Amino acid sequence: MNRRSGTIRLSALLIACMGSANAAECLPVVKGAWVRLPPVAMPMMAGFARIENPCAKPVSVTGAESLAFADVSLHETREENGVSRMREVATLPIAHGKAAELKPGGLHLMLHGPYAPIAAGEKVVITLRLADGRSLPVAFDVRKTAP
């Protein structure tokens, strides 16, 4: 094998690897992330956002964490027999080209035990955990009311 054909093969291999790396690096896109500040100090808050999946394959959110809160979990509020009930959601799958809406009265992040007081206008980072082991840190705006 001469030097030129070796260079061409190496270039082809690098291009092939870059293509697969780019596919593996595709992450969901989070828009409009915000945390609702309760009217009085409480040990719980809720986080909302739109999580879009522009990737070629489905992605699943399997949890979340934050240095600002003792516990972060994904919940869903549903009305059952005229009663509003909340339940924890273990996995939030998002198909290619689709989105999940975390909004008041539906899917949302429950934020338990803030480590320090949080004020309107601040930002808190909440990291979404994905089923494939990757993480997605997201800056959430802290607000008193919905945007």
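Residues numbered from 1 in each chain as written. Predicted model: local features only at pLDDT ≥ 70, side-chain atom pairs only at ≥ 80, totals over all residues. Heavy atoms only, no water.

## Here we look at the packing of aromatic side chains
Per the stated rule, a full pass over the model turns up one aromatic pair. For the ring pair W34 and F48, a centre distance of 4.8 Å and an interplane angle of 40° mean the geometry is tilted. Of the two residues, W34 is situated in strand β1 (residues 29–36) and F48 in strand β2 (residues 44–52); the sequence distance between them amounts to 14 residues. With a relative accessible area of 5%, W34 lands in the buried category. The class of F48 is buried, set by a relative accessible area of 1%. (Phe/Tyr/Trp six-rings, centres within 6.5 Å; stacked < 30°, edge-to-face > 60°. Helix = DSSP H or I, 4+ residues; strand = E, 2+ residues; numbered from the N terminus. Buried < 20%, exposed > 50% of the residue type's maximum accessible area, 1.4 Å probe, protein only.)

## Here's the deal with the state of the cysteines
Applying the stated criterion across every chain yields a total of one disulfide. Across a sulfur-sulfur distance of 2.1 Å, C26 and C55 are joined as a disulfide pair. Measuring the twist about the S-S bond at about -95°, one finds the C26-C55 disulfide to be left-handed. Residue C26 is found in the loop between α1 (3–25) and β1, and its partner C55 is found in the loop between β2 and β3 (59–65); the two are separated by 29 residues along the sequence. For C55, a relative accessible area of 5% gives the class buried. (Disulfide = S-S within 2.5 Å.)

## Brief notes about the nonpolar core
Counting 29 residues, the largest nonpolar core has L92, L109, I126 and F140 as the members making the most contacts within it. In this view, L109 contacts M45, A46, G47, A64, V72, S73, L74, L102, I126, L128 and F140; residues no more than four positions away in its chain are not counted. (Core = buried A, V, L, I, M, F, W, Y, C linked by side-chain atoms within 4.5 Å. Contact = heavy atoms within 4.5 Å.)

## Looking at the pairing of β2
Each regular strand displays side chains that alternate between the two surfaces of the sheet. Within β2, seven of the nine residues are buried, which leaves it mostly tucked inside the rest of the structure. Across six bridges, β1 lies against β2 in antiparallel orientation. Residue pairing across strands places V30 opposite I51, the latter belonging to β2. Bridge count for β2 against strand β8 (residues 107–114) is four bridges, and the pairing is antiparallel. Bridged to M44 within β8 is H112. Sheet topology note: the β2/strand β7 (residues 99–102) ladder contains four bridges and is antiparallel. (Pairing = 2+ DSSP bridges.)

## Some points on the confidence of the model for the protein chain
Summing up the model confidence of the protein chain, the mean pLDDT is 86 and the portion of residues at 70 or higher is 84%. When the criterion is pLDDT under 50, residues 2–23 qualifies, and its contacts beyond four places in sequence or with other chains add up to two contacts. (pLDDT = per-residue confidence, 0-100.)

## Observations concerning the environment of D71
Assignment of secondary structure puts D71 in strand β4 (residues 69–80). Of the residues examined, D71 reaches a relative accessible area of 39% and is grouped as partly exposed. The residues touching D71, leaving out its near neighbours within four places in the chain, are M110, L111 and H112.

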